[in-house]
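# Examination of the molecular architecture
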Amino acid sequence: MNPVQRTTAFLLLAFLVGCASLALPTPETFREKLAAGNATITEVATSAETLRQSGKISDDDAQNIKSQCQNLLDGLKVARSLSTTDMTSANNRLAVITTSLKALQGYLLTKEK
């Protein structure tokens, strides 16, 4: 891994940790939560690829994370669809996705060290 990639990986992970520690405003509306979910999925996938390139996670591990990210994106689509007919189910689906994303972020943060 070259110095630019290493710096990029460090800055991305520092940003993720920094956002959490700064207590940035939490998304409140369903649409805000969907948007935050999409952005977080992108960040997780990018972090996994960066960690793979730096040798901190295996190719198989990175592929597994990418697959999970795709499943979570599919879940967001289902939640969006449910929101037109059953808001309770849509919010429950979104809560599960958020919990899964937090677990993936936590795992990736442990691999940065």
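Our subject is the structure listed above.
Residues numbered from 1 in each chain as written. Predicted model: local features only at pLDDT ≥ 70, side-chain atom pairs only at ≥ 80, totals over all residues. Heavy atoms only, no water.

## Some details on the packing of helix α2 (residues 30-53) against helix α3 (residues 59-82)
Remark: α2 packs on α3, axes separated minimally by 9 Å, with the N-to-C direction vectors making an angle of 170 degrees. As judged from the angle between their axes, α2 and α3 are roughly antiparallel. Listed contacts from α3 to F30, L34, G37, N38, I41, V44, A45, A48, E49 and R52 of α2 are D59, A62, I65, K66, C69, L72, L73, L76, A79 and R80. Classifying every residue of the contact of α2 with α3 by side-chain character gives 13 nonpolar, two polar and five charged. (Axes fitted to C-alpha atoms, helices over the stretch in contact; angles between N-to-C directions. Helix = DSSP H or I, 4+ residues; strand = E, 2+ residues; numbered from the N terminus. Parallel < 35°, antiparallel > 145°, perpendicular 65-115°, else oblique. Contact = heavy atoms within 4.5 Å. Nonpolar A, V, L, I, M, F, W, Y, C, P; charged D, E, K, R; others polar.)

## Notes on the environment of L76
Looking at the secondary structure, you find L76 in helix α3. The exposure class of L76 is buried, given its relative accessible area of 1%. In this structure the C-alpha to C-alpha distance between L76 and L94, which are 18 residues apart in sequence, comes to 6.8 Å. (Buried < 20%, exposed > 50% of the residue type's maximum accessible area, 1.4 Å probe, protein only.)

## Here's the deal with the environment of A79
Relative to the helices and strands, A79 resides in helix α3. Given the relative accessible area of 0%, A79 is considered buried. Separated by 49 residues in the primary sequence, A79 and F30 place their C-alpha atoms 9.5 Å from one another. The contact partners of A79, leaving out residues within four places of it in the chain, are F30, A90 and R93.

## Section: the pattern of salt bridges
Applying the stated rule across the entire model yields four salt bridges. Across the salt bridge formed by R52 and E49, the nearest N and O atoms sit 2.5 Å from each other. Note that R52 and E49 are positioned in helix α2 at a spacing of three residues, about one turn of the helix. Judged by its relative accessible area of 27%, R52 is partly exposed. Where D59 meets R52, a salt bridge forms, and the shortest distance between an N and an O atom there is 3.3 Å. A single salt-bridge network, built from bridges that share partners, covers E49, R52, D59 and K66. (Salt bridge = Lys/Arg side-chain N within 4 Å of Asp/Glu carboxyl O.)

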